[in-house]
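Here is what each chain is made of, one letter per residue.
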Amino acid sequence: MTTTFPDVTISTERLVLRPFEEEDVTALTEMMNDENITAWTSVPHPYTRADAHAWATRESHTERAEGRGIVFAVTEFLTQRLVGIVHLRNTNWRTRATEVGYVTAPWARGEGYASESVLAVAQWLFREQEFERLELRTAADNTASQQVAQKIGCISEGVLRNAWTVRTQATDGGWTDTRTDLIVWSLLPEDLDEGDGYDGYESYESYESHRSHDTHGGPGGHPGDAVAGQRSDAHGHPVGADRK
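The notes below deal with the structure included here. (Residues numbered from 1 in each chain as written. Predicted model: local features only at pLDDT ≥ 70, side-chain atom pairs only at ≥ 80, totals over all residues. Heavy atoms only, no water.)

Before going further, it helps to examine helix H1 (residues 25–32). Along H1, the residues that are buried comprise Val-25, Leu-28, Thr-29, Met-31 and Met-32. Each buried residue of H1 lies within a common arc of 165° when the element is viewed along its axis, so the set occupies one face. Residues of H1 that are buried sit in contact with helix H2 (35–40), helix H3 (49–65), strand S4 (82–92) and strand S5 (97–104). (Buried < 20%, exposed > 50% of the residue type's maximum accessible area, 1.4 Å probe, protein only. Helix = DSSP H or I, 4+ residues; strand = E, 2+ residues; numbered from the N terminus. Arc of directions from axis to C-beta. Contact = heavy atoms within 4.5 Å.)

Here it is in C-alpha cells:
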C-alpha cells in the first residue's frame, strides 16, 4: 500500500501549486509575520528567516517523504509570486483520510485564491489519489476560514469544545493565548459532484516533479497549516482561509 504522496505540481487557471524552494524564503518570512496568521495559528512569532529557510528547504519536504502529508507553495501563474500554502497533514493511509490547512498572504486575500487552491488539491486527492475524506477545522470566530470551507462544499460536522488556542493582541503589541472551540468540516468525493460553486475550477493538471529536495531534518512546526483567516500550523493543527 502506498504511504507517501507523489512529488507533484498542480495547476489551475490562475495558480501553480508546487513544492517549496529556497527562493521562497523571503516571501515566506514576510507572509508568516502577518498579524492575522499570528492570531489564528501556532507558528512562531516573530517568524524569522531561519524559520522560513528550515520550512522551505527541509521541513515541508519531510512531510511528504515521511508519509505525513504534502505541502504546496501556492503561486500566481502569471507572476510566480507566493500567495499562500496548502498543507495536507495527519494522513491516515488505511482509511484514506487526511486534514487540510491553508494560509493566504495579506496582499492576496479577497481574490478567492484559498478556495481555488484547496479545491484543486481536493480534486487531485479524490480523483488521482483515491482518498475518501478531507477534513478541515476552523476556529469558532474565524469566519473567513469558515467561508472558504462552505465555498468549496464542505459539510459542518460539529464542534470540538475548547480544543484550540488562538492569540489576541494587546494594546501594547503583545500577544496572549486564548482558548477557543473548533468547528469540524469534511469534504467527501461525492460532495465534489453535488456541491455548488465549482465553476472555473473543474480543470486542473498535475505533473510529476523531477526536482530533488532535501528531505532530512526535523518535522514541521511552522507554516504549512496556517491561514490568513484561521487555525493551524505545520504541527498538524487547525487552519484555514482567505481573510478579506
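Turning to its location among the elements, Glu-135 is positioned in strand S6 (residues 133–139). Residue classification places Glu-135 among the buried positions, given a relative accessible area of 14%. Separated by 2.8 Å, the side chains of Glu-135 and Arg-133 make a polar contact. When near neighbours in sequence (up to four residues on either side) are disregarded, Glu-135 contacts Thr-98, Glu-99, Val-100, Val-184, Trp-185 and Ser-186. (Polar contact = N/O pair within 3.5 Å; in protein donor to acceptor, adjacent residues only side chain to side chain.)

Take the side chain of Arg-109 next. Topologically, Arg-109 is positioned in the loop between S5 and helix H4 (113–127). Only 3.0 Å separates the side chain of Arg-109 from the backbone oxygen of Thr-104, close enough to count as a polar contact.

Next up on the list: the pattern of salt bridges. Applying the stated rule across the entire model yields 10 salt bridges. A salt bridge links Arg-68 to Glu-66; the shortest N-O distance between them is 2.3 Å. Using a relative accessible area of 48% as the deciding quantity, one classes Glu-66 as partly exposed. Its salt-bridge partner being Arg-89, residue Glu-99 comes within 3.3 Å of it at the nearest N-O pair. Taken as a pair, Glu-99 in strand S5 and Arg-89 in strand S4 lie far apart in primary sequence, 10 residues in all. What makes Glu-99 buried here is its relative accessible area of 6%. Overall, the relative accessible area of 1% leaves Arg-89 in the buried class. Linked through salt bridges whose partners overlap, the residues forming this network are Arg-133, Glu-135, Arg-137 and Glu-157. (Salt bridge = Lys/Arg side-chain N within 4 Å of Asp/Glu carboxyl O.)

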